[in-house]
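Tertiary structure, described
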Amino acid sequence: MPKQHYQQKTFQLQDSIGYLIKRAFGAMSDCIHGKFASQGCSFQQWIVLMHLRDGLALTVADLSRELRHDSGAMTRLIDQLEERGWIARQRNLEDRRVIELSLTAEGKAIAESLIPLTVNTLNTTLDEFSREEVQQLQSLLRRLTTRLRALESDPAAVKSP
């Protein structure tokens, strides 16, 4: 039986961690999208560039999974980035069915040129938090993500009432 952090009789949506994370994500997303509006690169495009730069994804399928976008929308976004000369597609030598993505020199330059904007926005957002609180929040979110991934791979572990 899991710990009872929530009770059915007293449950309030606004206290749910899912609700709170979604609200925080929405507010942060609104803030950062506004900052990127005048940069010639949307925040969504930048996120894709950063995933490729940091090796978090190599294919459209990887990006779709990581960013939770359908493959059609992701393919359109990749098409835009390729047209701008920011990414390149190449067939995998071992499995020709797989098309890998990579940053061009221009794509890497764009991605890195927008890091200061993102860092400044994050630092402004977290200004009222101590360094230790930010590190604790990062640690807790990583732990939560790991737990959710484990539950995702074992659906029977989530007990129905």
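Below is a short write-up of the structure.

Turning our eyes to something else, we now look at the overall build of the protein chain. Broken down by element type, the protein chain carries 7 helices and 2 strands. Secondary structure of the protein chain in N-to-C order comes out as α-α-α-α-β-β-α-α-α. Taken over the C-alpha trace, the protein chain has a radius of gyration of 19 Å; the compact-globule value for 161 residues is 15 Å, which it surpasses by more than 25%. With the C-alpha coordinates of the protein chain rotated into their principal frame, the extents come out at 55 × 40 × 25 Å. For the protein chain, the residues scored as buried account for 22% of the 161 residues in total. The contacts in the protein chain between residues at least 6 apart in sequence include a share of 47% that link residues at least 24 apart. Total accessible area on the protein chain stands at roughly 12,000 Å², and carbon and sulfur atoms take up 54% of it. Separation of charge centres in the protein chain, based on 21 positive and 20 negative side chains, amounts to 6 Å.

What follows deals with the packing of aromatic side chains. In the structure shown here, the tally under the stated rule is 4 aromatic pairs. Ring centres of Tyr-6 and Phe-11 lie 5.8 Å apart, and the angle between their planes is 65 degrees; this geometry places the pair in the edge-to-face category. Here Phe-11 falls in the partly exposed class, since its relative accessible area comes to 40%. Their ring planes at 45 degrees and their centres at 5.6 Å tell us that Phe-36 and Trp-46 sit as a pair that is tilted. A residue pair is termed long-range when its members are at least 10 positions apart, and Phe-36 in helix α1 (residues 17–36) and Trp-46 in helix α2 (residues 43–53) qualify at 10 residues. Trp-46 shares its class with Phe-36; the two are buried. An aromatic cluster of at least three residues, connected via ring pairs, comprises Phe-36, Phe-43 and Trp-46.

Before going further, it helps to spend a moment on the state of the cysteines. Under the defined criterion, the tally for this structure stands at 0 disulfides. As a non-bridged cysteine, Cys-31 has Cys-41 as the owner of its nearest cysteine sulfur, 17 Å distant.

Trp-46, Val-48, Leu-63, Met-74, Ile-78 and Leu-81 are the most contacted members of the largest nonpolar core, which totals 23 residues. Sorting the residues of this core by element identifies α1, α2, α3 (60–67) and α4 (71–83) as the ones contributing at least two each. Examining the composition of this core, we find that 7 residues originate from one element, α2, more than from any other. When near neighbours in sequence (up to four residues on either side) are disregarded, Val-48 contacts Leu-63, Leu-67, Met-74, Leu-77, Ile-78 and Leu-81.

The next subject is the environment of Leu-58. Here Leu-58 is to be found in the loop between α2 and α3. Among the residues examined, Leu-58 registers a relative accessible area of 45% and is labelled partly exposed. Ignoring any residue separated from it by four or fewer positions in sequence, one finds Leu-58 in contact with Leu-52, Ile-99, Glu-100 and Leu-101.

Here is what the cut-offs are and how they apply
Residues numbered from 1 in each chain as written. Predicted model: local features only at pLDDT ≥ 70, side-chain atom pairs only at ≥ 80, totals over all residues. Heavy atoms only, no water. Helix = DSSP H or I, 4+ residues; strand = E, 2+ residues; numbered from the N terminus. Rg over C-alpha atoms; globule rule 2.2 N^0.38 Å. Buried < 20%, exposed > 50% of the residue type's maximum accessible area, 1.4 Å probe, protein only. Contact = heavy atoms within 4.5 Å. Areas by Shrake-Rupley, 256 points an atom, 1.4 Å probe, with all protein chains shown as cover. Lys, Arg positive; Asp, Glu negative; His and termini not counted. Charge placed at Lys NZ, Arg CZ, Asp CG, Glu CD. Phe/Tyr/Trp six-rings, centres within 6.5 Å; stacked < 30°, edge-to-face > 60°. Disulfide = S-S within 2.5 Å. Core = buried A, V, L, I, M, F, W, Y, C linked by side-chain atoms within 4.5 Å.

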